[in-house]
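# Per-entry structural report
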Amino acid sequence: MDSSSSLSDTGLLTISAKIVIAGGFGVGKTTLVNSVSEVAPLNTDAWMTEASEGVDDLPPGGGKSTTTVAMDFGRITLHQDLLLYLFGTPGQSRFWFLWDDLSRGALGAVVLVDTNRIDQSFAAVNYFEHDSVLPFIVAVNRFEGQYAHDLDEVRDALALADDVPLIDCDARDRGSSIGVLQAIVTHSLALSRVSAPG
Amino acid sequence: MGASPRNGARPQTYKMKSKRVRPYALTGGRTRTRHHLLVETLISVPEFDPVLAEALMPESRALYTRACQRMSIAELSATLTLPLGVVRVLISDLAGQNAVFIHPTAYAYQNNPQVLERILDGLKQLPV
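Residues numbered from 1 in each chain as written. Chains lettered and ligands numbered in written order. Predicted model: local features only at pLDDT ≥ 70, side-chain atom pairs only at ≥ 80, totals over all residues.

## Some points on the overall build of chain A
The helix and strand tally for chain A stands at 7 helices and 6 strands. Ordered by position from the N terminus, the helices and strands of chain A form the series α-β-α-α-β-β-α-β-α-β-α-β-α. Looking at chain A as a whole, 39% of its 198 residues qualify as buried. Long-range pairs, those at least 24 residues apart, make up 77% of the contacts in chain A between residues at least 6 apart in sequence. (Helix = DSSP H or I, 4+ residues; strand = E, 2+ residues; numbered from the N terminus. Buried ≥ 20, exposed ≤ 12 C-beta atoms within 10 Å, placed from the backbone. Contact = placed C-beta atoms within 7 Å.)

## Description of the interface of chain A and chain B
Accessible area lost upon the coming together of the parts serves often as the stated size of an interface. Each partner contributes residues to the interface: chain A has 39 residues there, and chain B has 39 residues. The set of elements that each furnish at least two residues to the side of chain A that touches chain B consists of helix 1 (8-11), strand 1 (15-22), strand 2 (73-79), strand 3 (82-88), helix 4 (97-103) and helix 7 (174-195) of chain A. Counting residues per element, the side of chain A that touches chain B draws most heavily on helix 7 of chain A, which supplies 11 residues. Of the residues in the side of chain A that touches chain B, the class split is 18 nonpolar, 14 polar and 7 charged. (Nonpolar A, V, L, I, M, F, W, Y, C, P; charged D, E, K, R; others polar.)

## Here we look at the sheet that holds strand 4 (residues 108-113) of chain A
Residue and element names in this part refer to chain A. Strand order in the open sheet formed by 6 strands is 2-3-1-4-5-6, with mixed pairing between adjacent strands. Each edge of the sheet is formed by a strand with only one pairing partner; in this case those strands are strand 2 and strand 6 (166-169). Neighbour-to-neighbour, the strand axes of the sheet open up by a mean angle of 25°, direction not taken into account. Sheet analysis places strand 2 next to strand 3, joined by 6 bridges and oriented antiparallel. Looking at the pairing, Ile 76 lines up with Leu 84 of strand 3. Seen against the sheet, helix 5 (residues 122-130) touches strand 1, strand 4 and strand 5 (136-141) and runs at an angle of roughly 155° to strand 4. (Pairing = 2+ DSSP bridges. Axes fitted to C-alpha atoms, helices over the stretch in contact; angles between N-to-C directions.)

## Side note on helix 4 (residues 73-80) of chain B
Buried residues dominate helix 4 of chain B, accounting for 6 of its 8 residues. Inspection of helix 4 of chain B places Ile 73, Ala 74, Glu 75, Leu 76, Ser 77 and Ala 78 of chain B among the buried residues, and these make up the whole buried set. For helix 4 of chain B, the secondary structure elements touched by its buried residues are strand 2 of chain A together with strand 1 (42-44), helix 3 (58-66), strand 2 (71-72) and helix 5 (84-96) of chain B. Backbone geometry just downstream of helix 4 of chain B places Thr 81 of chain B in the positive-phi region, at approximately 45°.

## Comments concerning the sheet that holds strand 1 of chain B
Residue and element names in this part refer to chain B. Strand order in the open sheet made by the 3 strands is 2-1-3, with antiparallel pairing throughout. At either end of the open sheet lies a strand with only one pairing partner, and these are strand 2 and strand 3 (101-102). Note: strand 1 against strand 2, 2 bridges, orientation antiparallel. Of the residues in strand 2, the one forming a bridge with Ile 43 is Met 71.

Just geometry here; none of it tells us what the structure is for.
Here you go:
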């Protein structure tokens with residue numbers, strides 16, 4: 001960061017927007033966010049302090065649940081007065097209360113899917129189909145160049161409605177991740193034009 | 001600022017040691033705010049007032065100081081290790097005193113496709 005802008009940027013009206021990145025554990029959310037973010041990941045433990053009240057019993061079973069739950073966070077400066085934030089939703093069900101908070105006001109959501117562990121993303125698809133008003137798309141993360149399932153199969157496996165866009169991506173690739181973000185904004189834009197009166 | 005401390009005890013009450021208090025003790029138990037603050041809402045300080053900063057309790061002072069460099073609610077929470085809800089209440093209080101400025105989010109423009117178009121345009125211009 002150049003310090004020369006420190007005065008000017010406080011005086012500037014800046015609009016911030018947000019896209020939610022959802023999907024289960026290990027589907028590539030962290031990889032996608034970090035491939036496009038201009039800032040280092042944050043230690044987001046403080047966001048979850050509310051979670052500890054009353055529900056902080058050790059989760060039953062599951063080896064992974066004892067690790068620190070860091071949530072993915074990214075920021076992209078699109079214009080001098082327009083910032084885009086990316087928030088990854090925590091996979092663990094005991095943090096689902098945070099989904100509502102993180103999703104509120106978002107322009108849309110991306111559900112990331114790994115075809116080797118497609119069940120990991122069922123909950124996220126359910127959430128955005130039934131419990132949220134946000135526009136959303138599904139992006140299939142094809143790392144290792146694997147094409148085990150074509151998109152129609154994935155759509156069937158997720159029981160995804162025809163009007164939900166489904167695309168391929170490689171979360172490690174910055175250009176591909178930017179393409180995913182473009183896809184959700186394009187979808188939101190299309191929906192807003194449909195619903196706009198007149 | 002507006003409220004002139006007529007009784008000398010007032011500044012004292014703000015000097016409580018807050019190292020180990022329950023998070024919402026800082027807000028007097030309040031969890032709701034007057035201002036609509038999303039996690040991505042940007043906060044800045046139009047004009048830093050060192051006298052005001054000195055009068056604030058430590059957590060509010062830290063937020064006030066940190067927001068001199070325009071920052072989102074989520075980043076303020078993470079960098080100061082304060083719960084999101086506490087940050088919202090304290091920032092709302094600061095905004096009520098006109099000490100901080102709350103920037104608009106894209107959500108406030110949800111009926112205006114131009115903001116989405118600018119976002120898309122910005123994404124298309126990103127260096128790959």
